[in-house]
Amino acid sequence: MIKLFSLKQQKKDEESAGGNRTGAGGKKASAAQLRIQKDINELNLPKTCEINFPDDDDLLNFRLIICPDEGFYKGGKFIFSFKEPNPEDPLNKEAAEVLQTNRRLFEQNVHRSLKGGYVGATYFERCLK
């Protein structure tokens, strides 16, 4: 019984302190939000890269800005926007359908595409080591 009360008190303390168990508006943080928070805290970007969060409370939507300081692209600026996948409004309707019907297959397709190989009839170059 004492353990139950201490857990309730711990949760209450975390909520009042704005701990990572809750997100904006007092909602529980999703697994993705907790993971991205951990990854961002451990992130060590080179001086040519910058990460930008348009909304500080939404860590799943961000921009990566790369400004090479050597080579062919020296002086260039490349901006990549990352948004949380939304199967209700997809850019890739086939991938969204797989995400909604078979999440495990979707994850396998993502890994296959990043490691280099075919997903369906589309070939993806290797992005991961």
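For the protein chain, the name recorded in an unreviewed UniProt entry is UBC core domain-containing protein, with Salarias fasciatus as its organism.

For helix α3 (residues 93–101), the set of buried residues is Ala 96, Val 98 and Leu 99. The arc that holds the buried residues of α3, viewed along the axis, is 160°, so those residues lie on one side. Exposed residues lying more than 90 degrees from the buried face of α3 are Lys 93, Glu 94, Glu 97 and Thr 101. Packed against the buried residues of α3 are α4 (103–115).

A few words on the packing of α3 against α4. For the pair α3 and α4, the least separation of the axes is 5 Å and the interaxial angle reads 135°. The angle between the axes of α3 and α4 places the two elements in the oblique class. Residues Ala 95, Val 98, Leu 99 and Thr 101 of α3 lie in contact with α4, whose contacting residues are Arg 103, Leu 105, Phe 106 and Asn 109. Taken together, the residues of the contact of α3 with α4 sort by class into five nonpolar, two polar and one charged.

Rules used throughout
- Counting of residues starts from 1 at the beginning of each chain's written sequence and follows it residue by residue.
- Where local features are concerned, this predicted model is filtered to residues with pLDDT of at least 70; where side-chain atom pairs are given and counted, the filter is 80 or more; whole-chain, interface and lining totals use all residues.
- Side-chain numbers come from the whole structure's heavy atoms, not from hydrogens or water.
- Under the scheme applied here, a residue whose accessible area is under 20% of the maximum for its type counts as buried, over 50% as exposed, and between as partly exposed, the area being computed with a 1.4 Å probe on protein chains only.
- In this description a helix means any DSSP run of H or I spanning at least four residues, a strand means any run of E spanning at least two, and both kinds are numbered starting from the N terminus.
- Within this analysis, the arc is defined by the directions that extend from the helix axis to the C-beta atoms.
- In this description, contact between two residues means that some pair of their heavy atoms is separated by no more than 4.5 Å.
- For helices, the fitted line uses only the C-alpha atoms of the stretch in contact; every axis is such a line through C-alpha atoms, and the angle between N-to-C directions lies from 0 to 180 degrees.
- Here roughly perpendicular refers to angles of 65 to 115 degrees, roughly parallel to angles under 35, roughly antiparallel to angles over 145, and oblique to all remaining angles.
- Residues are grouped as follows: Ala, Val, Leu, Ile, Met, Phe, Trp, Tyr, Cys and Pro are nonpolar; Asp, Glu, Lys and Arg are charged; every other residue, Gly included, is polar.

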